[in-house]
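Architecture and fold: a report
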Amino acid sequence: MSPTALRPLAICGLIGAGLAACQQTPPPQACTSIEYAGPAEAMEALLADPTTKRSIQGGWYLIERRRGGLTEYWTFTPADHPAHPSVGMRVGCQGEGGAWRVKTNLICQASKPVCDALLQDYLELDEQLRQHLEETYGSST
C-alpha cells in the first residue's frame, strides 16, 4: 500500500484530531528533522512514550505524538513494503500569513530509487493534505 492510500483514513483523520495544536506558527526547529538515527530507533522511542496514540492501517504503523504546540504524525512502512524499513514524520501547521503547510521528514533505508519513489508518494500526499486543510479550515489571509 502506498502512502497515498493512507490519506482518507490516517493522515487527514489524524491531522484533524490535532488541528488546534497546528494552528500556530511553529518555532523553526520544531519542523526540521527526525531526531532518531533510523526507523527502529524512532519506533522504539515512540512506543516507549505512553502519551502517543497508535494504530495500524493497511499494515502501516501510525503514531501520533504531541510535542509542545505541535502534533507529529509518524508512519512506518510495513515489512513487505519495498522501502522497508522507512519512517515518515509529518507536521501540518498554519504558518505566517495563514497559509497551510505540511512538513515531512523521511528516513528511508532502502535503495535510492525505491526511497526516491517513496519520497515522491509523500510529497504528492503532502500537497493533497495541504489542499484539504485549506479547503476545510481556510486561510487567515
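Residues numbered from 1 in each chain as written. Predicted model: local features only at pLDDT ≥ 70, side-chain atom pairs only at ≥ 80, totals over all residues. Heavy atoms only, no water.

This brings us to the overall build of the protein. Scanning the protein for helices and strands turns up 4 helices and 5 strands. Starting at the N terminus, the α and β elements of the protein follow one another as α-α-α-β-β-β-β-β-α. Approximately 6,900 Å² of the protein is accessible, and the part contributed by carbon and sulfur atoms is 53%. (Helix = DSSP H or I, 4+ residues; strand = E, 2+ residues; numbered from the N terminus. Areas by Shrake-Rupley, 256 points an atom, 1.4 Å probe, with all protein chains shown as cover.)

With respect to the secondary-structure elements, Asp-80 resides in the loop between strand S3 (70–76) and strand S4 (86–94). Here Asp-80 falls in the exposed class, since its relative accessible area comes to 69%. Counting along the chain gives 21 residues from Asp-80 to Gly-59, while the straight-line C-alpha distance between them is 8.7 Å. (Buried < 20%, exposed > 50% of the residue type's maximum accessible area, 1.4 Å probe, protein only.)

Right, let's talk about the nonpolar core for a bit. If you look at the biggest cluster of nonpolar residues, it comprises 13 residues, and the most contacted ones within it are Ile-34, Tyr-36, Leu-46, Trp-74, Phe-76 and Val-87. Of all the elements in the fold, those that place two or more residues in this core are helix H3 (39–48), S3 and S4. With 4 residues, S4 is the largest single contributor of residues to this core. Grouped together as the second largest cluster of nonpolar side chains are 5 residues, Trp-60, Leu-62, Ala-83 and Leu-118 included. (Core = buried A, V, L, I, M, F, W, Y, C linked by side-chain atoms within 4.5 Å.)

Between His-84 and the following residue, Pro-85, the backbone shows a cis peptide bond with an omega angle of 0°. Within the secondary structure, Pro-85 sits in the loop between S3 and S4.

Within the element layout of this structure, Thr-104 appears in strand S5 (residues 100–108). Given the relative accessible area of 17%, Thr-104 is considered buried. A polar contact is formed between the side chain of Thr-104 and the side chain of Asp-126, at a distance of 2.6 Å. The contacts of Thr-104, once residues within four sequence positions are left out, are Met-89, Arg-90, Tyr-122 and Asp-126. (Polar contact = N/O pair within 3.5 Å; in protein donor to acceptor, adjacent residues only side chain to side chain. Contact = heavy atoms within 4.5 Å.)

By the bridge criterion, 5 bridges tie strand S1 (residues 53–57) to strand S2 (residues 60–67) in an arrangement that is antiparallel. Residue pairing across strands places Lys-53 opposite Glu-64, the latter belonging to S2. From the end of S1 to the start of S2, which pair antiparallel, there are 2 residues, and Gly-58 there has a positive phi angle of about 60°. (Pairing = 2+ DSSP bridges.)

What follows is about the pattern of salt bridges. According to the stated counting rule, one finds 7 salt bridges in the structure shown. With a shortest N-O distance of 3.1 Å, Glu-72 and Arg-67 are connected by a salt bridge. Note that Asp-126 is salt-bridged to Arg-90, the shortest N-O span being 2.6 Å. Of this pair, Asp-126 sits in helix H4 (residues 112–137) while Arg-90 sits in strand S4, and the two are 36 residues apart along the sequence. The pair Asp-126 / Arg-90 is uniform in exposure class, with both members buried. The network of salt bridges with shared partners includes Glu-35, Arg-65, Arg-67 and Glu-72. (Salt bridge = Lys/Arg side-chain N within 4 Å of Asp/Glu carboxyl O.)

Read these as layout, nothing more, since geometry by itself doesn't imply function.
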